[in-house]
Amino acid sequence: MKISRNWLQSYVDLSGTAEDEICRAITFLGFEVEQVIRTGAPQLSHVLVGEVLTRNKHPNADKLSVCTVSLGDALGVKTIVCGAQNYVVGDRVPVALPGAVLPGDFVIKQSKIRGESSDGMMCSAKELGLSEDAAGLLILTDRPALGTPINAVLPPGDTVFDIEITPNRPDCLSHLGIARELAAWFKQDLVYPQEKFRGTPDASLRPRPDLLASVRVDAPEDCPLYTAHIITGIKIGPSPAWLQQRLTAVGLRPINNVVDVGNYVMLESGQPLHAFDARKLAGAQIVVRRATDGEKLTTLDGKERILNSNMLVIADAARPVVIAGIMGGENSGVSADTTDLVLECAIFKRQSIRATSKRLGLTSDSAYRYERGVDPHSALEAAWRAIDLIIETAGGHVVGPICQVGSDVPWQREIVVTHDYITEKLGFDIPAADMRDAFEALEFTITREEPTEHPARGPAWTVAIPSWRDDLDRPIDLVEEVLRVYGTERIPPARVTVPGLVGDDDPVVLFNRRATDYLVGHDFHECVNYTLRPGPEIAAWVSTAAAVELALANPFVEDQSHLRPTLITGLLESLKLNQSRGVAASLLCETGRVFIEHDGQNLECAAVGFIIAEAAKRHWLKREPADFYTAKHHVTAIAAMAGIDLARQPLAPCTGPSFGWQEGQSASAGNIEHGWTACFGLLSLALAKSAGVEGKVYAGIFAILPEKLVAASAARKRYADFSLHPAALRDLALVVPTATSAGEVQKALAKSARAAAGNAFALERVAAFDVYQGKGLPEGTKSLAFSLVFRAPDRTLTDDEVNAAFTKIQADVTATSGYQIRK
């Protein structure tokens, strides 16, 4: 928001106040001054008003002239060579004499140009730092006295403050709003503009229902207030210089007197307005309605907009003419031959304006204000102010009928706050008189003042909040307002004392940190990818129903349209990038959030994923390549960090629509219904190829609900004593069906071994060390060999007691499972 100092001066006296003081005040009031821009000509010495006496063609140059220029009796006549073409003899222009320094450190010297002496330079507006217009000399049409210093002739410069306004303060998106704040800070009076028109049309003129007969609002929930005034007999033309200067100072281009007044009042009060050419309103009607699906409107920027039924428009009897609160149509506004206009002043629902603006990708100064909130209780005053300025600059009269739909709902909001409460929240005392002064400076009316139970602590105030401060609704809000005006720099220094809190990071953070440390320690490179992925990619990993649930309602870009259900997709993209650049990074990992659809809900999970690609780099020593068990080993380690013992969980092969995994060479464990899930193994070869990845890729992912991590982190590990006595080892080979997994046999064998050992000693470990299929075994079977480790905590085990237990194990496992002992 650009704020002009000269403009502010109309409402609050800032004369004698330095720019730095104003910037400091704006900052301490809670806003940020991003830039200070100074306009107008700088102080220029040796630049005077001169008059062209003669103009002759340069003898040695076609585009130059040799002129004689009078600078008054004191300085006489000078000869100047000039290349401009826009002046005639008798024009008065700025003349820079030798010794003058123009903007850009351009020093004027006496010189010869193509053989002709030149005693200075006649200047354009650009050369004086006034504008970018360098097309010709600056003609001084007011004909000031010859020899007058140019700074005494040119309009005074301005200082423009570019201020970042916080979203909760839409009242400060105007010069009056900032002036109100500065008046409170500097303890100055605030002068409001006084409207001459007060809502009554000229009784001597007949009403003009032929220009506007009626206004109808079909969507009152989106437009609670709409007013329209008819002004006849206007003449479109340029705005007066003072109006153009103010608009130009804040970055707006003057257009004509009516349009400029609308922009001026919006920047003055914060209330957007729109002026219609009355003759262009079909049927002399205005209808505030929602557009129909597919309805089209070409806006002032020349672009055709396709509307839908959620968008609010201002229409006449035939068609939409304005996208409500955002931008007018190119055929509805005033033009050079407009003589009668209808002035709109309305209040629109901020959510409706924001949704339409985002949907169309169209924004404007009015939309920016409507989105943040416009004070409905000052709308009529803004309309009256605009009518005054239109009549002043374009002539005309206000005639009936004046149309208004909706009304100004009485505003009343009061907050009760005590001196003691404010002091307690601030942590230091501010005198009650200063608090009261702060409220009054901000135009907060104290409607009641009552003593409290402890009169020494100050009174209780009932504070009426003005309508433009809709952001204030709690006592704590008034504490902030008092401190803003009192001055945060006046907070007394004090020692800060706070209780020390001993705590740990969030369980998800701890889990991610442990998993990353583990994988990086195994030579993985950590990656970070977006949580949003493209729709076609998601379809290869989840069902159609899940893809619908993961889709964003309004994605910013097409390739970030869905929440990611897995980390593998981003890692594959990173792998492809590395392979295409010849980077030998084949081990990649990532921690982050994934979203798993379950029963129509998206469950946000903490996840760890990794991929292992075939290394393209050549090594002097050939090593075993990664395989299914490599991926399983890493997933098992990661699951253990979350308190999940993957070795005790049943594994299921990925079959059918395995969503990214190669059937027969990948497996899954767990279920999101139980709070976690894991997949690992070889990625689909077709998927990897379509992703542009070379070679086989093994991968693994573990995802868990955050609340399960909380439970896992709460379980503390405890010290367990260990035996110093030697272990007893036994090997056992079992003949089992080919389809039976080693894990299933291991569990059955471990169960029998624990039962056989009882309380006498412990089964320490059961591990498979050999698998055999072929000659000597029945068809459809395989041999699995396991090593059993026994140990007692207090003694060395004897062969007799171990053999006795081993015999029981063989008998039990064959009896309960049907497995055969291989001998």
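Quantities reported herein were computed from a predicted structural model and do not represent experimental measurements.

Cut-offs and rules
- Think of each chain on its own: its residues are numbered from 1, step by step along the sequence as written.
- Totals for whole chains, interfaces and linings use every residue, but because this is a predicted model, local features are given only for residues with pLDDT of at least 70 and side-chain atom pairs only at 80 or more, for both listing and counting.
- Excluding hydrogens and water, the side-chain figures rest on all heavy atoms present in the structure.
- Working definition of a nonpolar core: buried Ala, Val, Leu, Ile, Met, Phe, Trp, Tyr and Cys residues. They are joined through side-chain atoms within 4.5 Å.
- Exposure categories follow from relative accessible area, calculated using a 1.4 Å probe and restricted to protein chains: below 20% of the type maximum is buried, above 50% is exposed, and the middle band is partly exposed.
- Here a strand is any run of E in DSSP of at least two residues, a helix any run of H or I of at least four, and the numbering for each starts at the N terminus.
- Every residue pair with non-hydrogen atoms within 4.5 Å of one another is taken to be in contact.
- DSSP calls a pair of strands paired once it identifies at least 2 bridges connecting them.
- Fitting a line to C-alpha atoms yields each axis, with helices limited to the stretch in contact; the angle taken between N-to-C directions then spans 0 to 180 degrees.
- A carboxyl oxygen of Asp or Glu within 4 Å of a side-chain nitrogen of Lys or Arg is what we treat as a salt bridge.
- Expected helix span is given by 1.5 Å per residue-to-residue step, counting one fewer step than there are residues.
- Aromatic rings from Phe, Tyr and Trp, taking only the six-membered ring of Trp, are treated as a pair when their centres fall within 6.5 Å; an angle between ring planes under 30 degrees marks them as stacked, one over 60 as edge-to-face, and anything in between as tilted.
- Both a distance and an angle decide whether a charge sits over a ring: NZ of Lys or CZ of Arg must be within 6 Å of the ring centre and within 35 degrees of the ring normal.

Participant: Describe the nonpolar core, with residues and values.
Facilitator: Among the nonpolar cores identified, the biggest contains 95 residues, and L182, Y226, F276, I286, I314, V342 and F348 are the most heavily contacted of them. Looking at this core, the element that brings in the most residues is helix α8 (residues 379–394), giving nine residues. Sequence-distant contacts of F348, defined by excluding residues within four places in its chain, comprise D222, C223, L312, I314, A324, G325, I353 and Y370. Counting 35 residues, the second largest nonpolar core, distinct from the first, contains C527, A546, L563 and A585.

Participant: Residue-level account of the sheet that holds strand β1 (residues 2–4), with values.
Facilitator: Taken in spatial order, the three strands of this open sheet run β1-β12-β2, and their pairing is antiparallel. Looking along the sheet, the strands with just one partner apiece sit at the ends: β1 and β2 (32–39). Strand-to-strand twist across the sheet, computed as the mean angle between neighbouring axes with direction ignored, equals 25°.

Participant: Just give me the short version of the pattern of salt bridges, but keep the residues and values in it.
Facilitator: For the coordinates displayed, the defined rule picks out 40 salt bridges. In this structure, the salt-bridge partner of R648 is D645, at a minimum N-O distance of 3.1 Å. Judged by its relative accessible area of 58%, R648 falls in the exposed class. Of the charged contacts, one joins R730 and D799 as a salt bridge, the two residues approaching to 3.7 Å between their closest N and O atoms.

Participant: Please give an account of α8 that cites residues and values.
Facilitator: Helix length check: α8, at 16 residues, gives a terminal C-alpha distance of 22 Å against a target of 22 Å (1.5 Å per residue), a fit within 8%. By the burial criterion, the buried members of α8 are A379, A382, A383, W384, R385, A386, I387, D388, L389, I390, T393 and A394. Those residues of α8 that are buried lie in contact with β14 (225–232), α4 (241–249), α5 (257–269), β22 (340–347) and β23 (397–405). Positioned one or two residues after α8, G395 has a phi angle of 75°, which is positive.

Participant: Before we move on, can you summarise the packing of aromatic side chains with the specific residues and values?
Facilitator: On inspection of all chains with the given rule, the structure shows 14 aromatic pairs. Residues F761 and F790 carry aromatic rings whose centres are separated by 5.8 Å and whose planes lie at 90° to one another, so their mutual orientation is edge-to-face. Of this pair, F761 sits in the loop between α19 (742–757) and β37 (762–772) while F790 is found in strand β38 (residues 781–791), placing the two residues 29 residues apart along the sequence. Look at F790 and you get buried, because its relative accessible area is 0%. Three or more aromatic residues joined by ring pairs make a cluster, and in this case those are W7, W242 and Y264. Residue placement shows R55 over the ring face of Y87; its charged tip is 4.2 Å from the ring centre.

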